[in-house]
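# Structural features, examined
Okay, here's what each chain looks like letter by letter:
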Amino acid sequence: MDVILLGAPGAGKGTQAQYLEQHTGLVHVASGDLFRAALRQGTELGMLAKAYMDRGELVPDELVIKMIIERISKADCAQGVIFDGFPRTREQALALEHELAQHGRKIDYVLYLRVPDDVLLRRIAGRQTCKTCGYIYNIYYFPSKRPDVCDHCGGKLYQRSDDTLETARHRLQVYFAQTRPLIEYYNGHGNLREIDGRREISLVTEAMTAALGLHGSDTEK
Ligand code: AP5
């Protein structure tokens, strides 16, 4: 099964992907995480991406597409992937379809997490991420037990450099202009499921697993 998580910055894609990965055994592939890992490793791709990320702009399609295709060609992705933050443009969506089709695969579900803008900004402002294992927390909604320390691995929590209010606002504008049209695109394909992402994390997870046909029937569309 191949699944796309679609939604604005702060909608909860990464948070839900970490739960869905455990429930489904699918591999979580997050374009933003791959760029941040490339930056930590000091690669040319990481340095190039950083300039775009810090401005809240999208990294050019050809760089993202190449990186994702390389990642999903690895053996661990053969049984299916949860795509988080990719695709973000029509070009990326077409490239992904083309790549999967070459291996007899297709996007089975697109789960669209719908969250109002004011909630998104508060979530982004409160986000903390573990430097070591990448686990996502929130100082308002989902704090770690000890301040700035990861409950899972004891790693240090940090705030992403693109999580300032100014950059977050711009990321939202970029999302509305370039990524939101994909909702209509996937709706036309009949595989889009809309999920109310305002609810607490565990309820959103339930709705998503139900939408994937894994249990229950708590979907909205
Ligand atoms: P990326 O890393 O993909 O960021 P994003 O899409 O902007 O999404 P976020 O990570 O901000 O939000 P999320 O939906 O994952 O929310 P989260 O679960 O963390 O991209 C960063 C940059 O990389 C882009 O701006 C771009 O430059 C570049 N890039 C990446 N992919 C690209 C692509 N395909 N093409 C071009 N450029 C690309 O949750 C947010 C917070 O809310 C957390 O603190 C969490 O604990 C909390 N939270 C989550 N759910 C709930 C809930 N239900 N209730 C309360 N709190 C919640």
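To be clear, the structure that these remarks concern was listed above.
Residues numbered from 1 in each chain as written. Predicted model: local features only at pLDDT ≥ 70, side-chain atom pairs only at ≥ 80, totals over all residues. Heavy atoms only, no water.

Moving on, we get to the packing of helix H4 (residues 61-72) against helix H5 (residues 90-101). Two elements in contact, H4 and H5, have axes whose closest approach is 10 Å; the angle formed by their N-to-C orientations is 25°. As judged from the angle between their axes, H4 and H5 are roughly parallel. Considering only the axes of H4 and H5, their crossing is right-handed. Within the contact between the two elements, H4 uses Asp61, Val64, Ile65, Ile69 and Ile72 and H5 uses Glu91, Gln92, Ala95, Leu96, Glu99 and Leu100. Residues belonging to the contact of H4 with H5 are distributed by class as follows: seven nonpolar, one polar and three charged. (Axes fitted to C-alpha atoms, helices over the stretch in contact; angles between N-to-C directions. Helix = DSSP H or I, 4+ residues; strand = E, 2+ residues; numbered from the N terminus. Parallel < 35°, antiparallel > 145°, perpendicular 65-115°, else oblique. Left-handed = near helix turned anticlockwise from the far one by under 90°. Contact = heavy atoms within 4.5 Å. Nonpolar A, V, L, I, M, F, W, Y, C, P; charged D, E, K, R; others polar.)

The next point concerns the site of the ligand. Among the 34 residues in the neighbourhood of the ligand, the closest are listed as Thr15, Glu57, Arg88, Arg127 and Tyr137. With respect to the ligand, the side chain of Lys13 contributes an N or O atom lying 2.8 Å from an oxygen atom. Between the ligand and the protein, one listed contact pairs an oxygen atom with a side-chain N or O atom of Asn138 at 2.8 Å. For the ligand, the protein covers 97% of the area, taking 1000 Å² as the surface of the free molecule. Mapped onto the shell around the ligand, the elements with two or more residues apiece are helix H1 (13-24), helix H2 (31-40) and strand S6 (136-138). The element contributing the most residues to the shell around the ligand is H2, with four residues. (Near = heavy atom within 4 Å. Polar contact = N/O pair within 3.5 Å; in protein donor to acceptor, adjacent residues only side chain to side chain. Areas by Shrake-Rupley, 256 points an atom, 1.4 Å probe, with all protein chains shown as cover.)

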